[in-house]
Amino acid sequence: MTTPAHPQRTAGRGVSTLIPQSATDQAMAALTGLETVPVHVGLLQAAALLLEDAARTATDTAAKAAMAKTAGMLRSAM
């Protein structure tokens, strides 16, 4: 297996393809994010429990706050 001559440049191109470039594509991506999809409540419970557990042991204050807030949002969605 060969390594690309410029691995960061190659990775950058891959990421840029994931980001909508035109206003139309950006609008469609935003609307897709608003679509309602069915989710089993057990999945929400599991995700909230995992996030709460991770928040208890996190040392990064910002990450800890984000995990706790996300867990709370998941619980309110249930």
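For the structure given in this document, a descriptive report is provided here.

Conventions we followed
- Residues numbered from 1 in each chain as written.
- Predicted model: local features only at pLDDT ≥ 70, side-chain atom pairs only at ≥ 80, totals over all residues.
- Heavy atoms only, no water.
- Axes fitted to C-alpha atoms, helices over the stretch in contact; angles between N-to-C directions.
- Helix = DSSP H or I, 4+ residues; strand = E, 2+ residues; numbered from the N terminus.
- Parallel < 35°, antiparallel > 145°, perpendicular 65-115°, else oblique.
- Left-handed = near helix turned anticlockwise from the far one by under 90°.
- Contact = heavy atoms within 4.5 Å.
- Nonpolar A, V, L, I, M, F, W, Y, C, P; charged D, E, K, R; others polar.
- Salt bridge = Lys/Arg side-chain N within 4 Å of Asp/Glu carboxyl O.
- Buried < 20%, exposed > 50% of the residue type's maximum accessible area, 1.4 Å probe, protein only.

### Quick look at the packing of helix H3 (residues 41-57) against helix H4 (residues 61-77)
When two helices pack together, you describe them by how their axes are tilted relative to each other and by the distance separating the axes. Relative to each other, H3 and H4 sit at 155°, their axes nearing to 8 Å. By the criterion of interaxial angle, the relationship of H3 to H4 is roughly antiparallel. The crossing of H3 and H4 is left-handed. On the side of H3, the interface is formed by Leu44, Ala47, Ala48, Leu49, Leu51, Glu52, Ala54, Ala55 and Arg56, while H4 contributes Lys64, Met67, Ala68, Thr70, Ala71, Leu74 and Arg75. Residue composition of the contact of H3 with H4, by class: 11 nonpolar, one polar and four charged.

### Here we look at the pattern of salt bridges
Pairing between side chains becomes possible if they bear opposite charge and their charged atoms approach one another. Evaluation of the coordinates by the stated rule reveals two salt bridges. One salt bridge in this structure joins Glu52 and Arg75, with 2.8 Å as the shortest N-O distance. Here Glu52 is found in helix H3, whereas its partner Arg75 is found in helix H4, with 23 residues between them in sequence. Residue Glu52 is classed as partly exposed on the basis of its relative accessible area of 24%. With relative accessibility at 36%, the residue Arg75 sits in the partly exposed group.

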